[in-house]
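Next come the chains, spelled out residue by residue.
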Amino acid sequence: MTISLSEVLSPGLHEVHRAVRRGDVDEVVLAGGRGSTKSSFASVELVKLLLEHPECHAVVLRKVANTLRTSVYEQVAWAIGALGLAGRFELTVS
Ligand SMILES: Nc1ncnc2c1ncn2[C@@H]1O[C@H](COP(=O)(O)OP(=O)(O)O)[C@@H](O)[C@H]1O
Ligand SMILES: [Mg+2]
């Protein structure tokens, strides 16, 4: 299965995606209202960067601990699925 990144990433963020890919930036602050695909974008970029740099690890931080599972964890799991990579990741919750 081939997943087109342009379908997964919303058009407004394509230029940010290119800047990340070029290595031009090492920090991105995503602005925009609720539903502007900030979380989707960040999670897809995270999973892509992990695949491209297998020597790297990633950490996702959230201020509120008791919603980790239903927020950032689910978001990253969503990105793995959106990229068609469910078979390549093991999702654990320890
Ligand atoms: N490329 C896309 N095309 C269409 N819908 C998308 C795309 N990326 C994300 N979405 C959807 O947009 C909605 C809001 O995205 P989300 O990333 O949660 O926004 P934000 O973090 O800015 O509030 C989600 O339902 C998500 O599935
Ligand atoms: Mg969000």
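Residues numbered from 1 in each chain as written. Chains lettered and ligands numbered in written order. Predicted model: local features only at pLDDT ≥ 70, side-chain atom pairs only at ≥ 80, totals over all residues. Heavy atoms only, no water.

1. A look at unusual backbone geometry
For residues besides glycine, phi is generally negative; the peptide bonds are generally trans as well.
Inference 1: Look at T37: it is not a glycine, yet its phi comes out positive at around 70°.
Inference 2: Examined against the element boundaries, T37 turns out to sit in the loop between α2 (14-22) and α3 (38-52).
Inference 3: Overall, T37 belongs to the partly exposed group, its relative accessible area being 28%. (Helix = DSSP H or I, 4+ residues; strand = E, 2+ residues; numbered from the N terminus. Buried < 20%, exposed > 50% of the residue type's maximum accessible area, 1.4 Å probe, protein only.)

2. Re the nonpolar core
The tendency in soluble globular proteins is for nonpolar side chains to be buried side by side.
Inference 1: With 13 residues, the main nonpolar core has V44, V47, V76, I80, L83 and L85 as its most contacted residues.
Inference 2: Secondary-structure elements contributing two or more residues to this core are α3 and α4 (69-82).
Inference 3: Residues within four places of L83 in sequence aside, it is in contact with I3, L5, V44, V47 and K48. (Core = buried A, V, L, I, M, F, W, Y, C linked by side-chain atoms within 4.5 Å. Contact = heavy atoms within 4.5 Å.)

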